[in-house]
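Analysis of the macromolecular model
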Protein chains: 2
Amino acid sequence: MSDQAAVLFANDAFYVAFMNHDIEAMDDLWARIPTISCIHPGWNHLLGRDLVIESWNSILANHDGPSFTIEGAMANIYNDMAVVICYEEFKMATLVATNIFVREEGFWRIMHHQASASPPPPVSGENNQVKTIQ
Amino acid sequence: MSDQAAVLFANDAFYVAFMNHDIEAMDDLWARIPTISCIHPGWNHLLGRDLVIESWNSILANHDGPSFTIEGAMANIYNDMAVVICYEEFKMATLVATNIFVREEGFWRIMHHQASASPPPPVSGENNQVKTIQ
């Protein structure tokens, strides 16, 4: 599997854990380095594994959360780091996310996530590969 | 100068160019790699040097834009890449930003920027170093 495919797979796994409310998988998918960080829409930043994982535990505990699909995921690799941009399409709103990954022990794990309100993803364009995982 | 100080300096330079409407400096501060990207608040993502620089030219051409200060900038370094989180405090609103930097030819240059609506920055806390550049 190419690095790009592996990173997009890790990005998919992150959203599958999100959609499935899978707290254990979500914990496992985040990098082990102490400086992981997360900016949920409308929240202050969270820095450090304890705060980040605690936030996901709280979000995933809500089984009534809206479903969404992922579109337009694109990955750029820089040695052992990667930056993914993708769109989170909810029924009533769209978010655009920056997801940063780091290669740890051969696995690409997420180390930073920021999602924020956005117009719908561009319908087409050379920079966009539409990829839906639900 | 430590890597961390150098990255925070590059982050300051990015915002000084922004505040001073300095299109030339802004162009110079962005990395030369072709995959730079930018997500302005409420915009779709922009990928590639032409689109990113064009967007800044358009934003910086508006000399009536509101002034702001930068608070809470913190940098984490990963070899030749760095992730900065900071707050952009406008009079009527706060944005939180993820800025990714890459070391090119010895210089830290910005390669990705996402800014989005946020509560005001935390007043204190071990994860926050308050740094105001205006």
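Calculation notes
- Residues numbered from 1 in each chain as written.
- Chains lettered and ligands numbered in written order.
- Predicted model: local features only at pLDDT ≥ 70, side-chain atom pairs only at ≥ 80, totals over all residues.
- Helix = DSSP H or I, 4+ residues; strand = E, 2+ residues; numbered from the N terminus.
- Expected span 1.5 Å × (residues − 1).
- Buried ≥ 20, exposed ≤ 12 C-beta atoms within 10 Å, placed from the backbone.
- Arc of directions from axis to C-beta.
- Contact = placed C-beta atoms within 7 Å.
- Least-squares fit on C-alpha atoms with pLDDT ≥ 70 in both.
- Nonpolar A, V, L, I, M, F, W, Y, C, P; charged D, E, K, R; others polar.
- Pairing = 2+ DSSP bridges.
- Core = buried A, V, L, I, M, F, W, Y, C linked by C-beta atoms within 7 Å.
- pLDDT = per-residue confidence, 0-100.
- Axes fitted to C-alpha atoms, helices over the stretch in contact; angles between N-to-C directions.

Digging into helix α3 (residues 49-60) of chain A
Residue and element names in this part refer to chain A. Taking 1.5 Å of rise per residue, the 12 residues of α3 would be expected to cover 16 Å, and the 16 Å separating its terminal C-alpha atoms lies within 8% of that figure. Within the span of α3, buried status applies to Val52, Trp56 and Leu60. Buried residues of α3, viewed axially, fall in a sector of 60°; they line one side. Exposed residues on α3 whose side chains face more than 90 degrees from its buried face are Asp50, Glu54, Asn57 and Ser58. Its buried side turned inward, α3 meets α2 (23-29), β1 (37-39) and β2 (46-47).

Side note on the relation of the copies chain A and chain B
Overlaying chain A on chain B yields an RMSD of 0.0 Å, the required transformation being a rotation through 180° with an accompanying axial translation of 0.0 Å. Classification of the inter-copy transformation places it as that of a two-fold axis. Within chain A, Ser116(A) has its C-alpha nearest the rotation axis, a separation of 3.0 Å.

Quick look at the interface of chain A and chain B
Listed as interface residues are 26 residues of chain A and, on the opposing side, 26 residues of chain B. Sorting the residues of the side of chain A that touches chain B by element identifies β1, β3 (68-78), β4 (81-90), β5 (94-104) and β6 (107-118) of chain A as the ones contributing at least two each. Per-element accounting of the side of chain A that touches chain B gives the leading share, five residues, to β6(A). Classifying every residue of the side of chain A that touches chain B gives 13 nonpolar, 13 polar and no charged.

Details of the pairing of strand β6 (residues 107-118) of chain B
Residues and elements named next belong to chain B. The element β6 is extensively covered by neighbouring structure, given that nine of its 12 residues are classed as buried. Looking at chain direction, strand β1 (residues 37-39) and β6 are connected through three bridges and run parallel. Counterpart to Ser37 in the pairing with β6 is His112. As paired elements, strand β5 (residues 94-104) and β6 share 11 bridges and run antiparallel to each other. From the neighbouring strand, Ala97 faces β6, where its bridge partner is Ala115. Taking the residues that link successive antiparallel strands as the turn, the β5-β6 hairpin has two residues, and the phi of Glu105 there is positive, at about 50°.

Concerning the nonpolar core
Core analysis: the biggest nonpolar cluster contains 78 residues, and Val84(A), Phe101(A), Val84(B) and Phe101(B) have the highest contact counts within it. Filtering out sequence-adjacent residues up to four positions away, Val84(B) remains in contact with Val7(B), Asn11(B), Ala73(B), Met74(B), Ala75(B), Asn99(B) and Phe101(B).

Examining the pairing of β5(A)
Residue and element names in this part refer to chain A. Two elements, β4 and β5, share nine bridges in a ladder whose sense is antiparallel. Residue pairing in the sheet places Met81 in a bridge with Val102 of β5. In sequence, β4 turns back onto β5 through a hairpin of three residues.

Side note on unusual backbone geometry
One non-glycine residue with positive phi stands out, namely His21(A), at about 55°. Relative to the elements of secondary structure, His21(A) occurs in the loop between α1 (3-19) and α2. Unlike most non-glycine residues, Glu105(B) shows phi in positive territory, near 50°. Assignment of secondary structure puts Glu105(B) in the loop between β5 and β6.

Focus on the sheet that holds β6(A)
Sheet architecture is open: six strands sit in the order β2-β1-β6-β5-β4-β3 (chain A), paired in mixed fashion. At either end of the open sheet lies a strand with only one pairing partner, and these are β2 and β3 of chain A.

Some details on the confidence of the model for chain A
Where the model shows low pLDDT, its predicted coordinates should not be examined in detail. In this model, chain A carries an average pLDDT of 92, and 92% of its residues clear a pLDDT of 70 or more. Within the model, the stretch residues 126-134 of chain A combines pLDDT values under 50 with 26 contacts to residues more than four positions away or in other chains.

Here's the deal with the sheet that holds β5(B)
Residues and elements named next belong to chain B. Spatially, the six strands line up as an open sheet ordered β2-β1-β6-β5-β4-β3, and their pairing is mixed. Single-partner strands in this sheet number two, and they are β2 (46-47) and β3 (68-78). Packed onto the sheet, helix α1 (residues 3-19) meets β3, β4 (81-90), β5 and β6 and runs at close to 145° relative to β3.

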